[in-house]
Amino acid sequence: MALNSNVRAVFLYTVFTYFSGALFQGDLLSVYIFKLTSSTLDVGAISAARGIAMVIFALPLGLISSKFRRDQMLKSASILGYITLGLTVYVFWGLKPGMKSLLIFYATFGLWGVFTAATNPNLESIFADSVETGKRSKIFTIKQMTIQFAASAGPLLTIAYYAFLGEGLDSWDLGRLRVILLVGTGICFIGLSTMWLFDDDKSLGAESESHISAHRSASRKSSNSILEGVEGAISMENDEEERDIPCCFIPRRLIPHVIAVCDLFMSIGAGMTIKFFPLFFVEKYNLSPISLSLVYFSNLIFGAFVSWFFQRMSALYFNRVIVMVAAKFIGTACLFVIATFDPKYEHIMIIAPLFVLRTAVQNSTGGIKRSLLMDCVKKKKRAQWNSFESITRFSWSGSAYLGGWIVEKYSYETMFLATACLYSVAAVEMCLLFAADVPLEKKREDNEANPIPMRRTSSGLPDAYDYHPLKKRTAIN
């Protein structure tokens with residue numbers, strides 16, 4: 001099946017953006033800032049600058065996005081990206097150790113937060129609107145795998161670079177680090193240029209609406225050709241189904257709110273941890289650039305495999321909620337072990353695989369979660385919801401300063417334990433979706449002639465999806 005041109009543009013943007021981000025915004029950036037400032041607080045504060053700017057601008061830019069064409073918003077965001085990229089090159093090239101003011105560093109990464117707030121809602125909305133409802137889990141998971149494969153090219157290039165030059169006595173030399181970071185900015189320029197390929201006019205129509213809207217639209221359209229006065233019958237059927245739903249059951253319209261709250265706890269916890277894992281490995285286990293890059297390369301490749309595996313499990317044997325909850329609990333358990341197992345830092349061959357397992361599993365259900373979210377949000381609300389979700393997803397940057405403070409005041413292990421506790425809250429809260437009216441996806445994609453499958457309900461009326469929460473539900477093709 002040929003992909004929509006907007007979907008192809010998303011994949012192009014994803015490849016170049018995450019490849020470049022792995023080079024100049026990932027684990028090497030944390031080491032670079034620490035080598036430049038000798039402070040974990042500065043590592044956290046610079047990350048926080050991006051998160052705070054993103055949070056401030058996310059909702060205003062989301063509201064603006066709902067009033068303008070998304071392709072035009074993306075083109076405008078790319079111009080901001082070019083300006084910010086130029087400042088980033090200056091930061092990497094011009095700053096020297098011992099500088100008294102890092103204002104330009106904070107301002108630059110604050111602008112990256114504004115860029116993210118302007119880009120993500122429009123990018124995710126045009127992507128969701130270019131994929132047919134009922135088929136999102138697979139394509140969203142492929143996007144998630146693309147992110148991980150593209151990001152894995154960053155550590156792979158770092159390994160090749162240091163293997164060619166040799167690590168030397170000072171393996172973390174700032175001059176060599178700068179070269180890798182600047183290569184990343186060059187690749188980012190290509191990613192920004194792909195933002196000019198999007199076209200709102202090529203998005204899909206009713207076939208990309210939410211499950212609820214598709215259900216109502218299909219019922220009205222088909223029933224008009226079957227019998228008169230069907231609107232009253234539909235209303236009676238819907239009222240009957242609503243009366244059958246227990247008071248403790250979560251309706252479909254509230255599913256995005258449950259996901260958002262879970263994301264908030266996960267993101268705050270991740271912000272306290274994600275930027276400090278590279279420093280943890282370098283400071284406590286004395287990993288070299290090649291060793292650290294091997295850990296992150298393994299993490300990303302394994303993460304892509306786990307993403308594919310979980311998507312297949314959710315499609316063939318389980319539902320999406322079971323897979324998401326299982327991933328949350330597995331990742332949280334791994335972090336508890338990392339925080340308590342090796343107080344003398346002697347077992348890197350155990351801690352590193354646990355880190356890979358924890359990160360890969362924890363991040364593997366992003367595509368599944370987004371497919372569920374977009375299935376439950378109407379098209380006209382997707383830009384605003386993506387803006388709100390950007391706040392929760394990227395609020396980790398804002399909590400990075402707290403993570404740096406905990407490391408300096410206490411230890412890495414204390415920070416890991418605090419994060420694991422927040423993850424536990426998120427995992428338990430995600431269990432609420434077991435009592436939610438979660439929409440099913442289509443099991444096969446070979447029925448192109450009937451994109452919204454129809455069947456008869458108990459009242460004799462056609463229905464696009466059986467979304468009654470208490471009935472045994474099967475996807476109809």
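What you are looking at is a predicted structure, and each value in this text was computed from that prediction instead of being measured. (Residues numbered from 1 in each chain as written. Predicted model: local features only at pLDDT ≥ 70, side-chain atom pairs only at ≥ 80, totals over all residues. Heavy atoms only, no water.)

### Looking at the overall build of the protein
Assigned secondary structure in the protein consists of 18 helices and two strands. Across the 477 residues of the protein, 57% fall into the buried class. Pairs at least 24 apart in sequence give 86% of the contacts found in the protein among residues at least 6 apart. (Helix = DSSP H or I, 4+ residues; strand = E, 2+ residues; numbered from the N terminus. Buried < 20%, exposed > 50% of the residue type's maximum accessible area, 1.4 Å probe, protein only. Contact = heavy atoms within 4.5 Å.)

### Observations concerning helix H5 (residues 103-128)
Compared with the 38 Å implied by 1.5 Å per residue over 26 residues, the 38 Å span of H5 between its first and last C-alpha is a close match. Across the 26 residues of H5, 21 count as buried, placing the element largely inside the fold. (Expected span 1.5 Å × (residues − 1).)

### Some remarks on a nonpolar patch on the surface
Among the surface-exposed residues, Phe302, Phe305, Trp308, Phe309, Ile330 and Leu357 lie close enough to one another that they form a single nonpolar patch of about 520 Å² accessible area. With four residues, helix H12 (residues 289-316) is the single largest residue contributor to the nonpolar patch. With respect to the element layout, tryptophan 308 can be found in helix H12. (Patch = residues over 30% accessible without salt bridge, like charges linked within 9 Å, V, L, I, M, F, W, Y side chains within 5 Å. Areas by Shrake-Rupley, 256 points an atom, 1.4 Å probe, with all protein chains shown as cover. Salt bridge = Lys/Arg side-chain N within 4 Å of Asp/Glu carboxyl O.)

### Regarding the packing of helix H13 (residues 320-340) against helix H14 (residues 348-363)
The geometry of H13 relative to H14 is characterised by a closest axis approach of 8 Å and an angle of 155° between their N-to-C directions. The orientation of H13 with respect to H14, classified from their angle, is roughly antiparallel. For the crossing formed where H13 meets H14, the hand is left-handed. Across the interface between the two elements, Ala327, Lys328, Ile330, Gly331, Thr332, Cys334, Leu335, Val337 and Ile338 of H13 pack against Ile351, Leu354, Phe355, Leu357, Arg358, Val361 and Gln362 of H14. Residue composition of the contact of H13 with H14, grouped by class: eleven nonpolar, three polar and two charged. (Axes fitted to C-alpha atoms, helices over the stretch in contact; angles between N-to-C directions. Parallel < 35°, antiparallel > 145°, perpendicular 65-115°, else oblique. Left-handed = near helix turned anticlockwise from the far one by under 90°. Nonpolar A, V, L, I, M, F, W, Y, C, P; charged D, E, K, R; others polar.)

### A closer look at the confidence of the model for the protein
This prediction gives the protein a mean pLDDT of 78; 76% of its residues lie at or above 70. Ignoring residues within four places in sequence, the model shows residues 212-247, a span with pLDDT below 50, making 43 contacts including any to other chains. For residues 444-477, every residue scores under 50 in pLDDT, and the model assigns this stretch 84 contacts once sequence neighbours within four places are set aside. (pLDDT = per-residue confidence, 0-100.)

### Examining the packing of aromatic side chains
Inspection of every chain in the model, using the stated rule, returns 27 aromatic pairs. Considering the side-chain rings of tyrosine 82 and phenylalanine 189, the 5.2 Å spacing of their centres and the 40° angle between planes classify their relative orientation as tilted. Of this pair, tyrosine 82 sits in helix H4 (residues 70-94) while phenylalanine 189 sits in helix H7 (residues 174-193); the two residues are 107 residues apart in sequence, bridging distant segments of the chain. For tyrosine 82, a relative accessible area of 27% translates into the label partly exposed. Site record: aromatic cluster; members linked through ring pairs are Phe277, Phe280, Phe281, Tyr285, Tyr296, Tyr345, Phe355, Tyr412 and Phe416. (Phe/Tyr/Trp six-rings, centres within 6.5 Å; stacked < 30°, edge-to-face > 60°.)

### Focus on the environment of glycine 403
Positionally, glycine 403 belongs in helix H17 (residues 400-409). Along the sequence, glycine 403 and phenylalanine 416 sit 13 residues apart, while their C-alpha atoms lie 9.1 Å from each other. Ignoring any residue separated from it by four or fewer positions in sequence, one finds glycine 403 in contact with Met272, Phe276 and Met415.

### Things to note about helix H11 (residues 277-285)
With seven of its nine residues buried, H11 lies for the most part within the structure. Those residues of H11 that are buried are in contact with helix H2 (27-37), helix H3 (40-65), H12, H13, H14 and helix H18 (412-430).

### Details of unusual backbone geometry
The backbone phi angle of asparagine 286 is positive, close to 55°, even though this residue is not glycine. Of note, asparagine 286 is situated in the loop between H11 and H12. For asparagine 286, a relative accessible area of 62% corresponds to the exposed category. Look at tyrosine 345: it is not a glycine, yet its phi comes out positive at around 60°. Relative to the assigned elements, tyrosine 345 resides in the loop between H13 and H14.

### What to know about the nonpolar core
Nonpolar side chains tend to gather and get buried jointly when the protein is soluble and globular. Counting 111 residues, the largest nonpolar core has Tyr32, Phe92, Phe105, Phe277, Phe281, Phe416 and Leu433 as its most contacted members. When residues of this core are assigned to their parent elements, the largest contribution, eleven residues, is made by H5. Residues contacting phenylalanine 416, with those up to four places away along its chain left out, are Thr273, Phe277, Phe280, Leu335, Ile338 and Ala339. (Core = buried A, V, L, I, M, F, W, Y, C linked by side-chain atoms within 4.5 Å.)

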